[in-house]
Amino acid sequence: MGLRSFLHRLTAPRPQSRISVSSVKLVCVVNQGLKMGKGKLAAQVGHASVEAFLKTGVSHPQHVEAWLASGQKKICVKVPDDTAMNELLEQAIQRSIPALIVRDAGHTQIPRGSQTVLALGPFDEHALDLLTGDLKLL
Amino acid sequence: MSSTDNAPTMALIVREDLNLSTGKTAAQCAHAAVEITLVARRQSKRLFQAWRENGGRKIVLHAENIEAFDEIVADIAHGIVWHLVKDAGHTEVAPGTVTVLGMLGPRRSIDRLVEHLGTV
């Protein structure tokens, strides 16, 4: 390989197809401050996952395709309260990680408008780990 | 009677005998919800739209075991989108274990199918 092509290989932008199918995941960050029951929580995480994959499917279709093709990898972690969730949302936005917060309709268990789950992704696993790697699993 | 009385509902039924953790239960239910969304968006556009427009109602219930799932599936009528989640088995359960039965349909049809089940 000539020096030129070697340099090109080092500096060329990564083609989109290099997004490996095993490296995309969805992180659901649960607001532990609300003390939701198991079923309520499952419904909220379900809600977050559907919203996230529909929304990110528009903004980052390749990530979502890779995510669907690789078994929809998903992890649930927790934060203590609204403040921690909002800080995480800010950081995600700064890092251009797709993010959305589920606000509950308030039919059961908790007040209307409560922030129940922050969904991050589906996105590059490494970028997500840098942001959420220290959070405890649900 | 308001028009939302029969608005589409998604029921996510979790197998009680597996004793899944809270996080695992949530992840498996989310898996079912996403799969059903994918199918409904393609095959039952009106149902999907009506469900979304009415807030994407979801209920989480539990059934005793896999036989209880089979009985429910046998009763599923035309017009209901459903999916059985088979776990990849990375954590908690063996690969291929069916963990959650998810269904999306008109509220009254779903209620009839799950009226004997308790909420989680």
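Residues numbered from 1 in each chain as written. Chains lettered and ligands numbered in written order. Predicted model: local features only at pLDDT ≥ 70, side-chain atom pairs only at ≥ 80, totals over all residues. Heavy atoms only, no water.

*Asks:* Before we go on, may I ask you to explain the overall build of chain A in this structure?
*Replies:* Per the secondary structure count, chain A includes 5 helices and 5 strands. Starting at the N terminus, the α and β elements of chain A follow one another as α-β-α-α-β-α-β-β-α-β. Out of the 138 residues belonging to chain A, those deemed buried represent 45%. Contacts spanning at least 24 positions in sequence make up 75% of the contacts within chain A whose residues lie at least 6 apart. About 7,500 Å² of surface is accessible on chain A, with carbon and sulfur atoms providing 54% of the total. (Helix = DSSP H or I, 4+ residues; strand = E, 2+ residues; numbered from the N terminus. Buried < 20%, exposed > 50% of the residue type's maximum accessible area, 1.4 Å probe, protein only. Contact = heavy atoms within 4.5 Å. Areas by Shrake-Rupley, 256 points an atom, 1.4 Å probe, with all protein chains shown as cover.)

*Asks:* So what exactly am I meant to see when it comes to the confidence of the model for chain B here?
*Replies:* Low-confidence regions, as indicated by low pLDDT, have predicted coordinates that should not be scrutinised in detail. Residues at a pLDDT of 70 or more form 97% of chain B, whose mean pLDDT is 94. Model confidence for the complex: the whole-complex pTM is 0.88, and ipTM, which rates the interface, is 0.93. (pLDDT = per-residue confidence, 0-100.)

*Asks:* How should I be thinking about the pairing of strand S3 (residues 99-103) of chain A in this particular structure?
*Replies:* Sheet faces and side chains relate simply in a regular strand, where the side chains alternate between the two faces. All names here are of chain A. Burial of S3 is extensive: 4 of the 5 residues sit out of reach of the surface. Two elements, S3 and strand S4 (residues 115-124), share 5 bridges in a ladder whose sense is antiparallel. Pairing of Val-102 across the sheet is with Val-117, part of S4. (Pairing = 2+ DSSP bridges.)

*Asks:* Would you mind showing me how to read unusual backbone geometry here?
*Replies:* Note on backbone geometry: most residues besides glycine have negative phi, and most peptide bonds are trans. With an omega of -5°, the peptide bond between Gly121(A) and Pro122(A) qualifies as cis. Turning to its location among the elements, Pro122(A) is positioned in strand S4. With phi around 50°, Asn19(B) is a residue other than glycine that occupies positive phi space. With respect to the helices, strands and loops of the structure, Asn19(B) is situated in the loop between strand S1 (9-15) and helix H1 (22-43).

*Asks:* When you look at the sheet that holds strand S5 (residues 118-119) of chain B in this model, what are you seeing that I'm missing?
*Replies:* Across a sheet, strands are paired by hydrogen bonds formed along the backbone, either parallel or antiparallel in direction. Residue and element names in this part refer to chain B. Strand order in this open sheet of 5 strands is S3-S4-S1-S2-S5, and the pairing throughout is mixed. Across the chains shown, the open sheet's two edge strands, defined by having one partner strand only, are strand S3 (81-86) and S5. Pairing of strand S2 (residues 58-63) with S5 involves 2 bridges; the strand directions are antiparallel. Residue Leu-61 lies in a different strand from S5, and its bridge partner there is Thr-119. Sheet strands in contact with H1 are S1, S2, S3 and strand S4 (98-105), and its direction is about 140° off that of S3. Contacting S1, S2, S3 and S4, helix H3 (residues 66-75) crosses the sheet at an angle of about 20° to S4. (Axes fitted to C-alpha atoms, helices over the stretch in contact; angles between N-to-C directions.)

*Asks:* Help me understand the packing of helix H2 (residues 38-59) of chain A against helix H2 (residues 45-53) of chain B in this model?
*Replies:* Angle between the axes and distance between the axes: these two values describe a pair of packed helices. Their axes nearest at 13 Å, the elements H2(A) and H2(B) cross at an angle of 115°. Taken together, H2(A) and H2(B) sit at an angle that is classed as roughly perpendicular. Seen along the crossing, H2(A) lies across H2(B) with a hand that is left-handed. Here Val50(A), Glu51(A) and Leu54(A) of H2(A) come into contact with H2(B), specifically with Phe48(B), Trp51(B) and Arg52(B). (Parallel < 35°, antiparallel > 145°, perpendicular 65-115°, else oblique. Left-handed = near helix turned anticlockwise from the far one by under 90°.)

*Asks:* Sorry if this is basic, but what is going on with the packing of aromatic side chains here?
*Replies:* Residue and element names in this part refer to chain A. This model, assessed by the stated rule, comprises 1 aromatic pair over all chains. Measuring from ring centre to ring centre gives 6.4 Å for Phe-53 and Trp-67, while their planes differ by 35°; the resulting arrangement is tilted. Of this pair, Phe-53 sits in helix H2 while Trp-67 sits in helix H3 (residues 61-69), and the two are 14 residues apart along the sequence. For the pair Phe-53 and Trp-67, a shared accessibility class is recorded, and that class is buried. (Phe/Tyr/Trp six-rings, centres within 6.5 Å; stacked < 30°, edge-to-face > 60°.)

*Asks:* Got a minute to help me understand the interface of chain B and chain A in this structure?
*Replies:* Reports of interface size often rely on the accessible area that becomes lost once the parts have come together. On the side of chain A, 21 residues touch chain B, which itself brings 24 residues to the contact. Buried surface at the junction of chain B and chain A, both sides included, amounts to about 1,800 Å², of which 70% is carbon and sulfur. A salt bridge links Glu51(A) to Arg52(B); the shortest N-O distance between them is 2.5 Å. Run the count over chain B and chain A and you get 7 residue pairs in polar contact (both at pLDDT 80 or more). Of all the secondary structure elements, the ones that give two or more residues to the side of chain B that touches chain A are H1, H2 and S2 of chain B. (Buried area = accessible area lost by both parts, 1.4 Å probe. Salt bridge = Lys/Arg side-chain N within 4 Å of Asp/Glu carboxyl O. Polar contact = N/O pair within 3.5 Å; in protein donor to acceptor, adjacent residues only side chain to side chain.)

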